[in-house]
Amino acid sequence: MAVLPQLRDRRENTISDARRFFFELGQTPEAGLAPPVLRSWQRCRTGGLDHLDAYLIDPAGRAQLSDARDRSARLLEHAGGIMEHVFEQIRASGSMVILADTRGMILHCLGDPDFVGRAQRVALQPGASWDEAVRGTNAIGTAIQEGAAVEIHGAEHYLERNGFLTCSAAPVFNAQGHIAGVLDISGDSRNNQRHTLGLVRLSVQLLEKRLFEAEFAKEVRIAFHPRPEYVGSLQEAMLAVDADGRIVGANPVAREWLALPAGLADAPTFGSLFRTGFGQLLDRAVNAPDDLLLLEMRRGEAVYVQVRGHRRPRAEVSAPRLQQSVADPARPAGKPCDRSKSLITLDCLATGDVRLQLALDRARRVQGKDIPLLIQGESGVGKELFARAFHNSGARSDGPFVALNCAAIPENLIESELFGYVGGAFTGARREGAVGKLQQAHGGTLFLDEIGDMPLGMQARLLRVLQERSVTPIGSMKSIPVDISLVCATHRVLRDAVKQGLFREDLYYRVNSLTVTLPPLRERTDIRHIVTNLLEMEAADRRSGPIGISEEVMGFFERYPWPGNVRQLQNVIRVAVALLDDDEHEIASVHLPEELFGIDGGDEVAEPLQRPVALAAQAAASPFAAALPAASAAIVPQAAAASTPRSLDEIELEAITTVMREVGGNVSAAARRLGVSRNTLYRKLGKLN
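All figures in this text were calculated on a predicted structure; none of them were measured in a lab. (Residues numbered from 1 in each chain as written. Predicted model: local features only at pLDDT ≥ 70, side-chain atom pairs only at ≥ 80, totals over all residues. Heavy atoms only, no water.)

(A) Expanded view of the pairing of strand E19 (residues 514-517). A one-sided burial pattern is seen for E19, the buried positions being Leu-514 and Val-516 and the unburied ones Thr-515 and Thr-517. As paired elements, strand E11 (residues 373-376) and E19 share four bridges and run parallel to each other. Paired with Leu-374 across the strands is Thr-515, a residue of E19. (Buried < 20%, exposed > 50% of the residue type's maximum accessible area, 1.4 Å probe, protein only. Helix = DSSP H or I, 4+ residues; strand = E, 2+ residues; numbered from the N terminus. Pairing = 2+ DSSP bridges.)

Right, here's the structure in full:
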């Protein structure tokens, strides 16, 4: 429920008075500010922050952001699903869900595209630090300082430039009582929702519960509460106990209730908290593993207890500690992006889109672990580029990257291409034979593009190679060991192909160890970054300097459906740059290929636009009539120049043709300027035929 307008106005007036007292008069406001906000203002003033400071600190580079994400890998892993669920609750409300680390650096965010654009103007984006010492009073930084959930609304932000935000945040505590990160919901202050902070608190409780259970999955966990109906809920207290009865972890509820110190330096024992011994409790739990047991605490309260993670007799409790596996080594840090070397890494592909970032993060986690990677996505989304970046970012980057398009090679040749052959193996074979792609990729990465189109016979041979790690060339009796990292890609849904008998089920499970899906360009939020990067690449060989792009064209790019995805966008930019004169440095609509507007193209996606634009072309001489000489762009009917009265239809059609000429045949732009819907404009354009 949104805050009532009169209440919102009253609150804003109160905050405005408080700002005047604090910033102009140098006095402490007696009312109008919550204590955490006032304390934050005082900290910011002591730290020398200027509330009128408009200087923006640039977000951290991709390497720094990657390092920060590595440090908070467990937090990110468990927060992702919760953030997506929260975002579904607030979708289309002009808000975003944000996860930050202990230093206030934003690690991940999900948001409505319209608000995300505004938020980026104040660097509310991944890589930016919202530490209170840097950004002043804000929900993320202040929650870290206060160690508690806070809500910062509008002008309560210390820096005036952040006054359009309303933010609710809560710190995420780990099992040792230290802050592990911050979850935040930010939005437009005009759309403040009363229950946002409550939603944040509940989400943080769920995240803390998942972190606790994951960290102590092999330990005995004791859940308890004075009321039995709360055991199993987010309000339950939870302890992790080792085989010797020592408390090694406690969730925030248990920590607050038992007044446990942070860090558990002097770890209490189970027996120091409960009158029942730990071994006795475990014996009772074996007989009734899912029951609630009533125990008395040493300070007198009676609580209901449930034991989790213990299903063995007391004598075996110590076994897990003796067999406890060594913690997994830290995954290798991704190689930073260095465009000067023309070496594309995963960091180079991180341009701000949330779905793409998820794919990048998941791919990084399997580097160097001999886990096949399957890349799915529409044609043209950049699957091979992603595969190359994956190869260049890992330990095999010095080895070969060998690509084979399974759909581009005739069925009778794919076997020899993949496995190689010895001299004279078949008619037409070279005398010296040929090394196959599998051998060429030894020590590096083999990329099988469009693996869904591989013939069934070849699938069986490929499966055997992957199982035995050796390849036998055609015509040879000798197996050759191969050491490869396998990356596959397809635009098909392989699970459906398996059901249809077109793809082997055993090979499917072999290549489908980790699947990442690349979003189509029309669904990405980072088109501006992509366009900028492509322009830099195309302008590298142009001697007349850097190239810009008009805001009109950029807006068109963001709205266009891009059926050919990134490949189509790259071709469009390449053509536009080629059409620039030597003294031109900005791409305008006149530089775009005509097929982009559906004039000459036969693409199905552009087909709905063909008839209206073609009709407009009849009236406007060309969709680019505005760029032609006036004589060739004359579109006003002769009747318009006559002195005889004209009908409303004639006047209307004259206005439409004039606007269509001015916008270069862009139906969407013309509809906006005329104040009508596109469908209405289409119908009226039909009268011009």
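From this point, the discussion proceeds with the structure in view.
(B) Structural view of the nonpolar core. With 34 residues, the main nonpolar core has Met-96, Leu-124, Trp-130 and Leu-165 as its most contacted residues. Counting only elements with at least two residues in this core, the list comes to helix H1 (5-24), helix H2 (35-46), strand E1 (95-100), strand E2 (106-111), helix H5 (113-120), helix H7 (139-146), strand E3 (150-153) and strand E4 (165-173). In this structure Trp-130 touches Gly-104, Ile-106, Val-122, Ala-123, Leu-124, Arg-135, Asn-138, Ile-140, Gly-141, Asn-162 and Leu-165, once residues within four positions along its chain are discounted. (Core = buried A, V, L, I, M, F, W, Y, C linked by side-chain atoms within 4.5 Å. Contact = heavy atoms within 4.5 Å.)

(C) Quick look at the packing of aromatic side chains. Counted according to the given criterion, the structure contains 15 aromatic pairs. Where Phe-401 meets Phe-447, the ring centres are 6.0 Å apart and the plane angle is 20 degrees; that geometry is what we call stacked. In this pair, Phe-401 sits in strand E12 (residues 401-405) while Phe-447 sits in strand E15 (residues 445-449), placing the two residues 46 residues apart along the sequence. Residue Phe-401 shares its accessibility class with Phe-447, and that shared class is buried. Taken together, a centroid distance of 5.1 Å and an interplanar angle of 70 degrees make the contact between Tyr-508 and Tyr-509 edge-to-face. Members of the aromatic cluster, joined through ring pairs, are Phe-224, Trp-257, Phe-270, Phe-274 and Phe-278. (Phe/Tyr/Trp six-rings, centres within 6.5 Å; stacked < 30°, edge-to-face > 60°.)

(D) Highlighting the sheet that holds strand E18 (residues 485-490). With parallel pairing, the five strands of this open sheet are ordered in space as E12-E15-E18-E11-E19. Both outer strands of the open sheet, E12 and E19, are each paired with one neighbouring strand and no more. Taking the axes of each pair of neighbouring strands and ignoring which way they run, one obtains an average angle of 20 degrees across the sheet. Of the strands in this sheet, E11, E12, E15, E18 and E19 are in contact with helix H15 (residues 383-393), which crosses E11 at around 150 degrees. (Axes fitted to C-alpha atoms, helices over the stretch in contact; angles between N-to-C directions.)

(E) Region of the structure containing the pairing of E18. Most of E18 sits inside the fold, with six of its six residues counted as buried. Burial along E18 is two-sided: the face carrying Ser-485, Val-487 and Ala-489 and the face carrying Leu-486, Cys-488 and Thr-490 are both buried. Pairing geometry for E11 and E18, over four bridges, is parallel. Among the inter-strand pairings, Ile-375 is bridged to a residue of E18, identified as Ala-489.

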